[in-house]
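One letter stands for each residue in the lines below.
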Amino acid sequence: MTTKPNILLIYTGGTIGMIKDYKTNALRAFDFSQIVEKIPELQQLNCKVTSISFDEPIDSSNMNTKYYIDIAEIIESNYKNFDGFVVLTGSDTMSYTSSAISFMLENLSKPIIFSGSQLPIGDLRTDAKENLITSIEVASANKNGTPIISEVCLYFEYKLYRANRTTKISSEQFEAFTSLNFSPLAESGVHLKFNEQLLYQPKNKEKDLIVRKNLVNEVVILKLFPGISDLVVESIFSIPNLKGVVLETYGSGNAPSSENFIITLKNAIDQGIKIVNVTQCKSGSVMMGHYDTSLMLKNIGVIDGKDITTESAIAKLMYLLSHGLSAEDFTMFFENSLRGELTDK
Ligand code: ASP
């Protein structure tokens, strides 16, 4: 990085890219090729911003693994020419998408900052400008030419988070995201303060970026609730070609101890289906074996999700399932942190 950092802004869709037509009062998509002209503040930043947009921007409810690959390929083909990337998506599924991208990009040594907003960029009270401008600042922040951030992050409402630790918690508040098991990587006040000791330090800086595009989407999230019937559980586990299940359990990883339930899970594991135990709680960790009701899961070979989020767990399943790992290796990789997504103990 010699002169001004080069930042690529990737717009995939979502509220942030909308503008109010004051004649009709309706929201319409914004032409992102004109973003620098439309937001003159961007010219005051100490970096060069280039933008690229999906041909047909999507509401993030329509996000899927094909779009994950599209985002990863845009980053891959521009990786050498840019110092940092800001990816704008709708906030609804941003934690899933950014978690998936964090696994798909191996040997990452540049910043990838996901952001969006609750109000369109053209709205008078918009949160979009601050989110966008600070995301670009974070993506261009460097120390003597070395980027401060070299991981996938999510910036929203004055906080920079490790993306694969986040969850959307509000459809109303500007503070729409949280990361309860991992402190923010930076906070934006009068100054942008990085929490330096938490930042991911790339081990393979010299290695080339590898983009893993094979994702397995024969996976499901099963959230337990008191009264869930055997028929429902059995039906989920008999989905043809099912490869992995994120099992959202209670508290520190507890589940019903009924024989039918345990046998259904054990049969699935024996057939090679991976089952990961994550907690329904927003903070804290699974502790398999802490109670009898989780010891049984441990004994039949359920994988310990520790303090991973559901969003990150489903992304990690999709990513790891494509690697053709042995059962032991799969468990070992899942139970250890690959991108800072869980707390190794
Ligand atoms: N429904 C929108 C989306 O996720 C909301 C947003 O942009 O924040 O695409």
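Residues numbered from 1 in each chain as written. Predicted model: local features only at pLDDT ≥ 70, side-chain atom pairs only at ≥ 80, totals over all residues. Heavy atoms only, no water.

## Focus: the overall build of the chain
Helix and strand counts for the chain stand at nine helices and 20 strands. Computed over the C-alpha atoms, the radius of gyration of the chain is 21 Å, within 12% of the 20 Å expected from 2.2 N^0.38 for a compact globule of 345 residues. By principal-axis analysis of the C-alpha atoms, the chain measures approximately 65 × 50 × 35 Å. Relative to its full complement of 345 residues, the chain shows a buried share of 53%. A fraction of 73% describes how many contacts in the chain between residues 6 or more apart in sequence connect residues 24 or more apart. Taken as a whole, the chain presents about 16000 Å² of accessible surface, with 49% of it coming from carbon and sulfur. Averaging the positions of the 32 positive and the 40 negative side-chain charges in the chain gives two centres separated by 4 Å. (Helix = DSSP H or I, 4+ residues; strand = E, 2+ residues; numbered from the N terminus. Rg over C-alpha atoms; globule rule 2.2 N^0.38 Å. Buried < 20%, exposed > 50% of the residue type's maximum accessible area, 1.4 Å probe, protein only. Contact = heavy atoms within 4.5 Å. Areas by Shrake-Rupley, 256 points an atom, 1.4 Å probe, with all protein chains shown as cover. Lys, Arg positive; Asp, Glu negative; His and termini not counted. Charge placed at Lys NZ, Arg CZ, Asp CG, Glu CD.)

## What to know about the pairing of strand E1 (residues 6–11)
Burial analysis of E1 places five of its six residues in the buried class, the great majority of the element. Across six bridges, the pairing between E1 and strand E4 (residues 48–53) is parallel. Bridge pairing in E4 places Ile7 opposite Val49. (Pairing = 2+ DSSP bridges.)

## Re the packing of helix H6 (residues 259–270) against helix H7 (residues 292–300)
Closest axis-to-axis distance for the H6/H7 pair is 10 Å, and the angle between their directions is 25 degrees. Classified by the angle their axes make, H6 and H7 are roughly parallel. The interaxial crossing formed by H6 with H7 has right-handed handedness. Judged by residue contacts, Phe261, Ile262, Leu265, Lys266 and Ile269 of H6 engage Met296, Leu297 and Ile300 from H7. Along the lines of polarity and charge, the residues of the contact of H6 with H7 split into seven nonpolar, no polar and one charged. (Axes fitted to C-alpha atoms, helices over the stretch in contact; angles between N-to-C directions. Parallel < 35°, antiparallel > 145°, perpendicular 65-115°, else oblique. Left-handed = near helix turned anticlockwise from the far one by under 90°. Nonpolar A, V, L, I, M, F, W, Y, C, P; charged D, E, K, R; others polar.)

## Regarding the nonpolar core
One finds Ile75, Phe85, Ile101, Leu105, Ile112, Leu317 and Phe334 to be the most contacted residues of the largest nonpolar core, which totals 51 residues. It is helix H8 (residues 310–320) that provides the largest number of residues to this core, a total of seven residues. Setting aside residues up to four positions removed in sequence, Ile101 forms contacts with Tyr68, Ile71, Ala72, Ile75, Phe114 and Val152. Counting residues in each nonpolar core, the second largest holds 34 residues, with Ile121, Ala128, Ala141 and Phe194 among its members. (Core = buried A, V, L, I, M, F, W, Y, C linked by side-chain atoms within 4.5 Å.)

## Considering the site of the ligand
Around the ligand sit Gly14, Thr15, Asp59, Ser60, Gly90, Ser91, Asp92 and Ser117, and those are all the residues in its vicinity. Contacts to the ligand include Ser91, whose side-chain N or O atom sits 2.5 Å from an oxygen atom. Within the contact set of the ligand, a nitrogen atom lies 2.9 Å away from a side-chain nitrogen or oxygen of Asp92. Alone, the ligand offers 260 Å² of accessible surface; in the complex the protein occludes 88% of this. Looking at the shell around the ligand residue by residue, the classes come out as no nonpolar, six polar and two charged. (Near = heavy atom within 4 Å. Polar contact = N/O pair within 3.5 Å; in protein donor to acceptor, adjacent residues only side chain to side chain.)

## With respect to the sheet that holds strand E18 (residues 244–249)
Strand-to-strand pairing in sheets goes through backbone hydrogen bonds, with the strands running parallel or antiparallel. Strands sit in the order E17-E18-E19-E20 across an open sheet of four strands; the sheet is parallel. Edge positions in the open sheet fall to strand E17 (219–223) and strand E20 (303–304), since each of these has one partner strand only. Docked against the sheet, H8 engages E17, E18 and strand E19 (274–279), running at close to 160 degrees with respect to E18.

## Description of the sheet that holds strand E10 (residues 152–156)
Pairing is mixed in the open sheet, where eight strands are placed in the order E4-E1-E5-E7-E10-E11-E14-E15. Unpaired on one side and paired on the other, E4 and strand E15 (192–194) mark the two borders of the sheet. Sheet twist, expressed as the average angle between the axes of neighbouring strands with direction ignored, equals 20 degrees. Sheet topology places strand E7 (residues 112–115) next to E10; three bridges connect them, and they run parallel. Counted as the bridge partner of Ile113 is Cys153 from E10. The strands that helix H4 (residues 128–140) touches are E1, E4, strand E5 (84–88), E7, E10, strand E11 (159–162), strand E14 (186–188) and E15; relative to E5, the one it contacts most, it runs at about 155 degrees.

## Describing the environment of Asp70
With respect to the helices, strands and loops of the structure, Asp70 is situated in helix H2 (residues 65–78). On the basis of relative accessibility, which here comes to 24%, the residue Asp70 falls in the partly exposed class. In this structure, the C-alpha to C-alpha distance between Asp70 and Thr89, residues 19 residues apart in sequence, is 13 Å.

## Some words on the pattern of salt bridges
The tally for this structure, following the rule as stated, stands at 13 salt bridges. When the shortest N-O distance is used, the salt bridge between Asp307 and Arg165 registers 3.4 Å. Here Asp307, found in the loop between E20 and H8, pairs with Arg165, found in the loop between E11 and strand E12 (167–168); they are 142 residues apart in sequence, far enough to count as distant. The pair Asp307 / Arg165 is uniform in exposure class, with both members buried. A cluster of three or more residues bridged by salt bridges with shared partners is formed by Glu73, Glu76 and Lys213. (Salt bridge = Lys/Arg side-chain N within 4 Å of Asp/Glu carboxyl O.)

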